[in-house]
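Each chain, letter by letter, is given below.
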Amino acid sequence: MPPLYELENIRQVYARRVVLEIDQMVVYPGEIIGLSGPNGSGKSTLLRILAMLESPVRGRIFFSGRPANPNDLQSRRQITLLSQSPYLLKRSVLGNVSYGLKLRGITGKKEKARAALSMVGLDPQEFAGRMWYELSGGEAQRVALAARLAIRPGALLLDEPTAYLDEYSAERIRSAALYAVEKWNTALVLVSHDHAWLGSVCQRILQMHRGRLQAS
């Protein structure tokens, strides 16, 4: 099976400080990879580079065998990142979940958005018409994940997605992410301090320290 991601000689620098330096990293379709390490070890920076939200100062990234960068819309539209602080548009839940589908010109937006809400345990009949400000923290995070699942991503990147959530919402997010792997062969790369979750679902856990991959 060819890799989904290939990273070669990646370096990232902020304010003249090297924050990430990775010689090589490969991610395969359907693979679940955990990133572990202390705060400031480069985990979030690596996720942003994988999400094509920023370019490294050095190195090459290939996605599905093609050179990729933040200007490559074909690759970016197959990748999505969810952080611990959900950002929702100032519109209804259905409007939020269907927004990415609209940008990509995908048909059947309402049906796909409703299906994605169901994946994260939110009844479409109850939640589709709600506004963004009517949601609890756990509900908002699940809506944010539903918006990402609706596009059926090739790569789903999660940065502490269950931090500060109630256990029910956290479990719905965990199970929905795994559903994407099983149903669509989505590659899942996740950062979490929930070591039990990482240990139970990841094929590989990459240990990071001072911007480098220390062990697998």
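Scroll up for the structure.
Residues numbered from 1 in each chain as written. Predicted model: local features only at pLDDT ≥ 70, side-chain atom pairs only at ≥ 80, totals over all residues. Heavy atoms only, no water.

1. Quick word on the nonpolar core
The test is simple: To qualify as a nonpolar core, a set must consist of buried Ala, Val, Leu, Ile, Met, Phe, Trp, Tyr and Cys residues joined through side-chain atoms within 4.5 Å. Only protein chains enter the calculation, and the probe is 1.4 Å; a residue is then buried if its accessible area is under 20% of its type maximum, exposed if over 50%, and partly exposed in between. Numbering of helices and strands starts at the N terminus; helices are DSSP runs of H or I of at least 4 residues and strands are runs of E of at least 2. Any two residues whose heavy atoms approach within 4.5 Å at even a single point are treated as in contact.
Grouped together as the largest cluster of nonpolar side chains are 39 residues, with contacts concentrated most on V97, V143, L145, L149, L158 and L188. Elements with a minimum of two residues in this core: α3 (93-103), α4 (109-119), α6 (137-149), β7 (155-159), α7 (167-184), β8 (187-191) and α8 (195-201). L158 has contacts with L47, L82, A177, L188, V189, L190, V191 and W197, leaving out every residue within four places of it along the chain. Grouped together as the second largest cluster of nonpolar side chains are 29 residues, I10, L35, A187 and V191 included.

2. Re helix α1 (residues 43-50)
Structurally, the α-helix is built with 3.6 residues per turn, so residues lying three or four positions apart point the same way. Counting buried positions along α1 gives six out of eight residues, so the element sits mostly inside the fold. Inspection of α1 places K43, T45, L46, L47, I49 and L50 among the buried residues, and these make up the whole buried set. M52 sits one or two residues past α1 and shows a positive phi near 65 degrees.

3. What about the pairing of strand β4 (residues 58-63)?
Every other side chain in a regular strand lies on the same face of the sheet, so the side chains alternate between the two faces. As a reminder of what qualifies: At least two bridges found by DSSP between two strands is the condition for calling them paired.
Strand direction decides the pairing type here: strand β1 (residues 5-14) and β4, joined by five bridges, are antiparallel. Residue L7 lies in a different strand from β4, and its bridge partner there is I61. Pairing analysis gives two bridges linking β4 to strand β5 (residues 66-67), with the strands arranged antiparallel. Considered in β5, the bridge of F63 is made with R66. The hairpin turn running from β4 into β5, its antiparallel successor, is two residues long, and S64 in that turn takes a positive phi close to 55 degrees.

4. Side note on the sheet that holds β7
Just so we agree on the cut-off: To obtain an axis, a line is fitted to C-alpha atoms, over the contacting stretch when the element is a helix, and the angle between two such axes runs from 0 to 180 degrees between their N-to-C directions.
What the six strands build is an open sheet, ordered β6-β7-β8-β3-β9-β10; its pairing is mixed. Of all strands in the sheet, those with a lone pairing partner are β6 (79-82) and β10 (212-215), marking the two edges. Direction aside, the axes of adjacent strands within the sheet are offset by 25 degrees on average. As paired elements, β6 and β7 share four bridges and run parallel to each other. Bridge pairing in β7 places L82 opposite L158. This element, α1, spans β3 (32-36), β6, β7, β8 and β9 (204-209) of the sheet and lies at about 155 degrees to β7. This element, α7, spans β3, β7 and β8 of the sheet and lies at about 155 degrees to β8.

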